[in-house]
Amino acid sequence: MRKLYILLFMGAVLTACQESFEERCEREAKDFTTKKCPAQINLNTRIDSMTFDKQTLTVSYYYTMSGSADNAMAIKKMNPRETLQKEVKNSTALNAVREHEYNIRYVYRSSANEGLVLFETTFTPKDYNK
């Protein structure tokens, strides 16, 4: 009988400790930002943070561009949306996000002009399930 109570208690504890996928996304975004940001991606690109918005179900990545990459016109000519869309479709790290059909947003800001957004785009399930 005592074993039954222990099993029931452990089952209740394990059930209470489970988090929703939204809660997991929010926690992992905070953990990533706290532990790994800011981080230099390449010579001119730094990732500053990652967030998750439960209301819009959007994972957002925030980057800062510097040097020659800190140029809105140059970024526009490169057409980063097309490149990012391919990455979103093919990234194994985003499998769970795609399976839950969440939005994925990228924001690139200027290091020289604080607050200036050089490029911003959001991918919805329609964009990455084509």
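See the structure above.
All values derive from a computational prediction rather than experimental measurement. (Residues numbered from 1 in each chain as written. Predicted model: local features only at pLDDT ≥ 70, side-chain atom pairs only at ≥ 80, totals over all residues. Heavy atoms only, no water.)

1. So, the pattern of salt bridges
Step number 1: Going through the model one piece at a time under the given rule, you end up with eight salt bridges.
Step number 2: Glu26 is the partner of Lys54 in a salt bridge, and the nearest nitrogen-oxygen pair spans 3.4 Å. Residue Lys54 is found in the loop between β2 (45–53) and β3 (58–65), and its partner Glu26 is found in helix α2 (residues 21–36); the two are separated by 28 residues along the sequence.
Step number 3: Assessed through its relative accessible area of 25%, Glu26 is described here as partly exposed.
Step number 4: Residues Arg81 and Asp127 are paired through a salt bridge, measuring 3.2 Å at the closest nitrogen-oxygen approach. Residue Arg81 is found in helix α4 (residues 80–90), and its partner Asp127 is found in helix α6 (residues 125–128); the two are separated by 46 residues along the sequence.
Step number 5: Of the residues examined, Asp127 reaches a relative accessible area of 12% and is grouped as buried.
Step number 6: Taken together, the shared-partner salt bridges connect Glu19, Arg27 and Asp31 into one network. (Salt bridge = Lys/Arg side-chain N within 4 Å of Asp/Glu carboxyl O. Helix = DSSP H or I, 4+ residues; strand = E, 2+ residues; numbered from the N terminus. Buried < 20%, exposed > 50% of the residue type's maximum accessible area, 1.4 Å probe, protein only.)

2. What to know about the pairing of β2
Step number 1: Summarising the sheet, strand β1 (residues 39–42) and β2 pair through three bridges and their orientation is antiparallel. From the neighbouring strand, Gln40 faces β2, where its bridge partner is Arg46.
Step number 2: Counted along the chain from β1 to the antiparallel partner β2, the turn is two residues long.
Step number 3: As judged from the eight bridges shared by β2 and β3, these two strands associate in the antiparallel manner. Bridge pairing in β3 places Thr51 opposite Ser60.
Step number 4: Counted between consecutive antiparallel strands, the loop separating β2 from β3 contains four residues, among which Leu57 sits at a positive phi close to 55 degrees. (Pairing = 2+ DSSP bridges.)

3. Notes on the nonpolar core
Step number 1: In this structure, Tyr61, Val88, Leu94, Ile104, Tyr106 and Tyr108 are the most contacted members of the largest nonpolar core, which totals 25 residues.
Step number 2: For this core, the secondary structure elements donating two or more residues are α2, β2, β3, α4, β4 (103–110) and β5 (117–123).
Step number 3: The biggest single contributor to this core is β3, with four residues.
Step number 4: Every residue in contact with Leu94, bar those within four places of it in the chain, is listed here: Tyr61, Val88, Ile104 and Tyr106. (Core = buried A, V, L, I, M, F, W, Y, C linked by side-chain atoms within 4.5 Å. Contact = heavy atoms within 4.5 Å.)

4. A few points about the sheet that holds β2
Hydrogen bonds between backbone atoms are what pair the strands of a sheet, whose relative direction is either parallel or antiparallel.
Step number 1: The sheet built from five strands is open, its strands ordered β1-β2-β3-β4-β5 with mixed pairing. Of all the strands in the sheet, just β1 and β5 have a single pairing partner and so form its edges. Within the sheet, the average angular offset between the axes of one strand and its neighbour, ignoring direction, is 25 degrees.
Step number 2: Note that β3 and β4 share eight bridges and pair parallel. Note on β4: the bridge partner recorded for Thr58 is Asn103.
Step number 3: Docked against the sheet, α2 engages β1 and β2, running at close to 155 degrees with respect to β2. (Axes fitted to C-alpha atoms, helices over the stretch in contact; angles between N-to-C directions.)

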